Every structure is written in C-alpha cells, then in structure tokens.
Amino acid sequence: MKTFDLIVVGGGPAGFFGALRFAELVPDAAIVILEKSDRVLQKVLISGGGRCNLSHNCHDPRQLVQYYPRGGKALLNAFHTFGPLHTIAWFHAHGLRCYADASGCYFPVSDDARSVIEVLENGAQAAGIRVWTQAGAEALAYDPAVQHYLVTISNGDQLGARHVLFATGGNRLTLKLLTDFGVPIIAPVPSLFAFQVDDPGCAGLAGITVDDVRLSLPGTSAEQRGTLLITHRGFSGPAAINLSAWGARVLKQTGYHHPLQVDWLPEQDNPDTTRTILNTTRQEAAAKTIHANNPFPALPSRLWRCLCERAAIPAELRWADLSKARLQALASVLRQDAYRITGRDAHRAEYVTCGGVDLKSLDLRTFQSKSHPGLFFAGEVLDVDGLTGGYNLQNCWSTAWVAATAMAQAATKITA
Ligand SMILES: Cc1cc2nc3c(=O)[nH]c(=O)nc-3n(C[C@H](O)[C@H](O)[C@H](O)COP(=O)(O)OP(=O)(O)OC[C@H]3O[C@@H](n4cnc5c(N)ncnc54)[C@H](O)[C@@H]3O)c2cc1C
C-alpha cells in the first residue's frame, strides 16, 4: 500500500486548489490527485463558454452568499477567509491577471480558460504533486489501527492517508460511494439549465434577447429578473438559467412540467403604468396599426408583434379601435404572460448539481466530516450551488482553501 500525506479525490478546480494550498503550507508533503477520467480540469476548459468566469466582483460575503440558492450561509466563513478578492489576488500572484466585465463576472485577461488550467497544472507540477488520471477512487475504508483512510483505485491499488479531500463534483457514483461509507448525502438534482416551453411564441423569435424580464414559477417563491434569450426550444439566458436554480427541486418533482410566468416589462413597478402607456398610445397613434407601432422601446419589434398575437390582437387593428377588453388582454400578456415548461433543454448539459454532502454533517469552519475526522470536502460535491456568474467556481476556491488550510494545520500543527 502506498501512503500519502494527502489524497485528493477529483482532478477538478476544487481538487487542484486544495492540493496547491496544502503543498504551500506543507512543502515536503506527499500529495496525490486522483482523477477517474483521462483528463483533469475538463469542466474548467468549457466554463464560461471557454473563457472561464472564475469569480464574481462581489466583495461583501453577506451579499455574496445570496447568490447561492443552496448552501450560501454555510460559505460565509469561507468567504471571509478566502473570497473573490483573495481569489483574484492569488491568480495574479501566480501570473494570471483577471478583469471584471460590466456585469461583475471575472475572467482571465486572455479570455481563455486554458490559461486558468495552466496556472493550476503548472503549480501542481512545481509543487511535486502527483496527478494520476484514469485513477478513479472506487472504494473507501478506514483503518483505525493506523488512523488512515484507505482508497482503492481503478487498477486495484490501495492508497492510504490520514487526510482525504473529496472534490468529486456532482458525480453520482462517487456520491453513492460516500453514502455507502456513511457520509449523509442530499439527493442530487440538476441545476442551471434552460427551459423547453410548450409554445416559445411565434416562429422566428429564436435568437432574440430581452435585457430585462422577470420570470417566476407560479405557486412557488422562485423568481428571477435578468436577461432572457429566446431559443428554438424555449427560454434560456441568465434569467431562465438562474430561475432553474431557485426552482431546481420543485421542477424535478414535477418532471420538468410547470407553469412559467413572464413579466416582459418589470422595470414598470406599477402594472397601471403599462395600461396608462397603452391608453396614451391609443390616443396618440390612433390611426396606426397596433402590430406595427410598439410603444415599449425595451421590447424588440418582432417580440412585440408576437405578444400582440398572443393577446389575440388582429394584425390590421388600429390603436383607435383597441377595445377596453383587448387593451386589458394586451396588458395582461405584457405583465403576466403564461407559458408551460415542458422539459429541461437537452441541448445543453446541466451546469451544476444541486445536492451533495449534507452540510449538517460537516464542521463548516473546515468542511471536515464531524463523524469521520480527516475526511474533508470541497467544491460542487458539497450541497452548495450558485447562480451563473462565477459563483460556482468561487465555491471551489473558497472551500478548497479553507479545507486544505485545516488539513495542513492538523498535519503539521502549524498556524497558517
Ligand atoms: C458547461 C459548463 C460551464 C460552466 N461555467 C462556469 C463558469 O463560467 N463559472 C463558474 O463559476 N462555474 C461554471 N460552471 C460550474 C463549474 O465548472 C463547476 O461548479 C466546477 O467545475 C466544480 O468543480 P469541482 O472541482 O467541485 O468538480 P468538477 O469540476 O466536477 O471536478 C470533479 C472531478 O472529479 C472527478 N471524479 C469524480 N469522481 C471521482 C472518483 N471517484 N475518483 C476520481 N475522480 C473522480 C471527475 O471526473 C472530475 O474531473 C460550469 C459548468 C459547466 C458544465
């Protein structure tokens, strides 16, 4: 049996970051990263559309935790210790400069996820961290005689270490392995996906982006305001994808069949404002057709025509002839448009897993198991998931940092 100071299970961002932090504090440590597939950091490569949105420009931990539909409060301590500013400073110190775009998303200045991977891989190599691919952890045991965890990998070898960091993301088989070992797991379900809807509207709207809409799931408290992208199959863009996170569990329960309400004009706080604008247009544009004269600059003309059709306004109807009932129907479509979600958009893989290691079973100062001392967790394997915008990778950096610091302190009794 080979023994190590630290075994990291999972060659993703949380695993690499945890290994690097441990190596920094315990320079001579024998560390191995086990990766079941043939390549490490695969999700980083595709993250942020290949640009890697590695954090978010939000530096108040109390505000930051609000972008996590699950597990945010559990991150408060970790964000105080190692938050977005620390992340950006760490990457800068390791040769990678970053910038925040207008929406607050941090990217490497190269706009290339490969530059993030290079920093992590080069760092691991420089620190002498072994990285073994095609080395999936297939069984976990504990030997109380030597106080070692025993990890059996795909080729049958058994590895031992006092400290094991599980950073295996949402991998279902590995969550099962942890359940079998006695680690409580909250059932995993997908989060951050686009919606298929029964009738995405009129043909030809695909590709239209609306900067500010409010989406909600009637009968629940889930709602989200932001940019909406209309696709061939339904709705995508940050507003839809983030709504899927707030509604991840209820949507799973309904088999991804759920009513969806769209407020196309959320900047108009008062619904009367919409009716007033329609009334004013009825007078000022009396001789013009409704379909061809859109009084709302925020709505693209093609979308406006579609919404008129959804309100059963005939194409040739003039503003002067808009009855009270039709005006009301139009106002209602504009502010409370009703659709039905008919599925997750299979075109895009889910971004993150909601569910994972039950946070109640962990010491949240260290992300160490309360009942299995020496067993630590970081990243998406935790029952933590964030919205789009760099929050999920920030979860990886913060929890891996805190867990690795605690493991290193326990290993050497040093104060970091
Ligand atoms: C398309 C896409 C785009 C994304 N874009 C962004 C973005 O821009 N910003 C952002 O913040 N987040 C983004 N995310 C989410 C982010 O990538 C994940 O939250 C993050 O990768 C989680 O990191 P992790 O290290 O916890 O797990 P992972 O990245 O999932 O890594 C876990 C690793 O462990 C390995 N593994 C699993 N089980 C075992 C085992 N038993 N033995 C050995 N190895 C094992 C897996 O093969 C995997 O390589 C995106 C996700 C996707 C899918």
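Residues numbered from 1 in each chain as written. Predicted model: local features only at pLDDT ≥ 70, side-chain atom pairs only at ≥ 80, totals over all residues.

Visitor: How do you make sense of the nonpolar core when you look at a structure like this?
Guide: Across soluble globular proteins, nonpolar side chains have a tendency to be buried as a group. The biggest cluster of nonpolar side chains holds 124 residues, and the ones touching the most others in it are V8, A19 and L165. Ranked by residues supplied to this core, first place goes to helix α13 (residues 391-412) with 11 residues. Composition of this core by domain shows at least three residues from each of domain 1 (2-190 + 351-412) and domain 2 (193-349). (Core = buried A, V, L, I, M, F, W, Y, C linked by C-beta atoms within 7 Å. Buried ≥ 20, exposed ≤ 12 C-beta atoms within 10 Å, placed from the backbone. Helix = DSSP H or I, 4+ residues; strand = E, 2+ residues; numbered from the N terminus. Domains from an automatic or database assignment.)

Visitor: Any chance you could explain helix α1 (residues 13-25) here in plain terms?
Guide: Within an α-helix, residues lying three or four positions from one another point in the same direction, as the helix has 3.6 residues per turn. Spanning 13 residues, α1 covers 18 Å between terminal C-alpha atoms, matching the ideal 18 Å at 1.5 Å per step. Taken across its 13 residues, α1 has 11 buried, putting it largely inside the fold. Looking at the buried side of α1, the elements it contacts are β1 (2-9), β2 (31-34), α2 (42-46), α6 (113-126), β9 (158-166) and α13. (Expected span 1.5 Å × (residues − 1). Contact = placed C-beta atoms within 7 Å.)

Visitor: What's the story with the site of the ligand in this structure? I'm lost.
Guide: Taken together, 36 residues surround the ligand, and among them G10, G12, G48, G169 and G379 come closest. Here the residues of the shell around the ligand sort into 15 nonpolar, 17 polar and 4 charged. (Near = placed C-beta within 6 Å. Nonpolar A, V, L, I, M, F, W, Y, C, P; charged D, E, K, R; others polar.)

Visitor: Help me out: how do you make sense of the sheet that holds strand β16 (residues 337-344) in this one?
Guide: Two pairing modes exist for strands in a sheet, parallel and antiparallel, and in both the strands are linked by backbone hydrogen bonds. Judged by pairing direction, the barrel is antiparallel, and its 6 strands sit side by side in the order β11-β14-β13-β12-β15-β16 before closing back on the first. Across this sheet, the average inter-strand angle for adjacent strands is 50 degrees, counted without regard to direction. Note: strand β12 (residues 209-216) against strand β13 (residues 223-230), 6 bridges, orientation antiparallel. Looking at the pairing, R214 lines up with R225 of β13. Running at roughly 135 degrees to β13, helix α8 (residues 237-246) makes contact with β11 (195-197), β12, β13 and β14 (234-236) of the sheet. (Pairing = 2+ DSSP bridges. Axes fitted to C-alpha atoms, helices over the stretch in contact; angles between N-to-C directions.)

Visitor: What should I look at first to understand unusual backbone geometry in this one?
Guide: At D111, a position not held by glycine, the phi torsion is positive, near 55 degrees. Considering the arrangement of structural elements, one finds D111 in the loop between β5 (105-108) and α6. Looking at D111, the number of C-beta atoms within 10 Å reads 14, which means it is partly exposed.

Visitor: Before we go on, may I ask you to explain the environment of Q224 in this structure?
Guide: Structurally, the position occupied by Q224 is in strand β13. Accessibility expressed as a C-beta count within 10 Å gives 21 for Q224, which makes it buried.

Visitor: What should I look at first to understand the domain arrangement of the protein chain in this one?
Guide: For an interface, size is often stated in terms of accessible area lost upon the parts coming together. Under the domain assignment used here, the protein chain contains domain 1 (2-190 + 351-412) and domain 2 (193-349). Between domain 1 and domain 2, the C-alpha centre-to-centre distance is 39 Å. With 7 residues of domain 1 in contact, the opposing surface of domain 2 contributes 10 residues.

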